[in-house]
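Coordinate analysis (summary)
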Amino acid sequence: MNIKRAVVLLALLLAGCGDPIKQSDATPWTPPTATPSGPLWTGKVDVTRETGALAAPGFNALIDAEKPNWAQSPDGTVTELLNLGRGFDGPVDIYLLREGADGKNPVLTVTLTKLGDDSIRAIRYRIALRRGDDGRFRFVEGKRTQRCQNGRGHQDFSTDICS
């Protein structure tokens, strides 16, 4: 490990940030495994590569029209939005940080590690939700960033491509 990286990691640890992949307050998380009631979203988030901004065409319209039970919790909403409950090709670790999860406008940060990718070490989604008058959560905005494998690019979460 080079000295500059060691100093940065030490500074993060002393500042209480812990592992830069896992936010200090994030906890290991398993998406809900029960079959969600209500129709599932068959769409997929669109990511603007330059900014990492997320769009979810049809996601809120599905919630408005069908009122699925999975949208009654921030965790269920993010699981459906990011398709986290329908499996990965390998043993992906998921960490979740909830901010304001008990309120009307929660923000959830989902970090995926052990992706089995030779260039991307971790992907992080920061998702803002809003609770509607019906008690269901809707997608407001989000951002996708990634951290590269050692020797494959940047070591901070960024929208920059890994090599």
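1. Structural notes on the overall build of the protein
Check the secondary structure of the protein and you find three helices and seven strands. Put simply, the protein has 163 residues, and 40% of those count as buried. Considering only contacts within the protein whose residues lie at least 6 apart along the sequence, 50% involve residues at least 24 apart. Of the roughly 9100 Å² of accessible surface on the protein, 52% is carried by carbon and sulfur atoms.

2. What about the state of the cysteines?
For the structure shown, the criterion picks out one disulfide. The residue that forms a disulfide with Cys148 is Cys162, at a sulfur-sulfur distance of 2.0 Å. Between Cys148 and Cys162 the disulfide shows an S-S torsion of about -95°. By sign, it is left-handed. On the criterion of sequence distance, the pair formed by Cys148 in strand E7 (residues 137-148) and Cys162 in the segment after E7 is long-range, its members being 14 residues apart.

3. What about the sheet that holds strand E4 (residues 93-99)?
Taken together, five strands build an open sheet; the order of strands is E1-E4-E5-E6-E7 and the sheet is antiparallel. Two strands lie at the open edges of the sheet, namely strand E1 (27-28) and E7, each paired on one side alone. In this sheet, strand E5 (residues 107-113) lies alongside E4 in antiparallel orientation, the contact comprising seven bridges. When the bridges of E5 are listed, Tyr95 appears paired with Thr111. Each of E4, E5, strand E6 (120-131) and E7 is contacted by helix H3 (residues 74-81), which is oriented at about 125° to E6, the strand it contacts most.

4. Some remarks on the packing of aromatic side chains
Working definition: an aromatic ring pair is given by the centre-to-centre distance plus the angle between the planes. All told, the structure shown has two aromatic pairs when counted by the stated rule. Ring geometry for Trp41 against Phe59: centres 5.0 Å apart, planes inclined by 80°, an arrangement best described as edge-to-face. Residue Trp41 is located in the loop between E1 and strand E2 (46-47), and its partner Phe59 is located in helix H2 (residues 59-66); the two are separated by 18 residues in the primary sequence. The class for Trp41 is buried, based on a relative accessible area of 5%. Ring geometry for Phe59 versus Trp70: centroids 5.6 Å apart, planes at 40°, classification tilted. In this pair, Phe59 sits in helix H2 while Trp70 sits in the loop between H2 and H3, placing the two residues eleven residues apart along the sequence. Residue Phe59 shares its accessibility class with Trp70, and that shared class is buried. Taken together, Trp41, Phe59 and Trp70 form an aromatic cluster joined through their ring pairs.

5. So, the nonpolar core
Counting 29 residues, the largest nonpolar core has Phe59, Val78, Leu81, Leu82, Val110 and Ile127 as its most contacted members. At the level of elements, H2, H3, E4, E5, E6 and E7 are the ones that each hand at least two residues to this core. Not counting residues within four places of it along the chain, the set of residues in contact with Phe59 comprises Trp41, Trp70, Thr77, Glu80, Leu81 and Phe139.

6. Quick word on the pairing of E4
Direction of pairing for E1 relative to E4: antiparallel, over a ladder of two bridges. Directly across from Thr27, in E4, lies its bridge partner Leu96.

7. A short note on the confidence of the model for the protein
Averaged over every residue, the pLDDT of the protein is 84; the share at 70 or more is 81%. Within the model, the stretch residues 1-18 combines pLDDT values under 50 with 16 contacts to residues more than four positions away or in other chains.

Reading the values: the criteria
- Residues numbered from 1 in each chain as written.
- Predicted model: local features only at pLDDT ≥ 70, side-chain atom pairs only at ≥ 80, totals over all residues.
- Heavy atoms only, no water.
- Helix = DSSP H or I, 4+ residues; strand = E, 2+ residues; numbered from the N terminus.
- Buried < 20%, exposed > 50% of the residue type's maximum accessible area, 1.4 Å probe, protein only.
- Contact = heavy atoms within 4.5 Å.
- Areas by Shrake-Rupley, 256 points an atom, 1.4 Å probe, with all protein chains shown as cover.
- Disulfide = S-S within 2.5 Å.
- Pairing = 2+ DSSP bridges.
- Axes fitted to C-alpha atoms, helices over the stretch in contact; angles between N-to-C directions.
- Phe/Tyr/Trp six-rings, centres within 6.5 Å; stacked < 30°, edge-to-face > 60°.
- Core = buried A, V, L, I, M, F, W, Y, C linked by side-chain atoms within 4.5 Å.
- pLDDT = per-residue confidence, 0-100.

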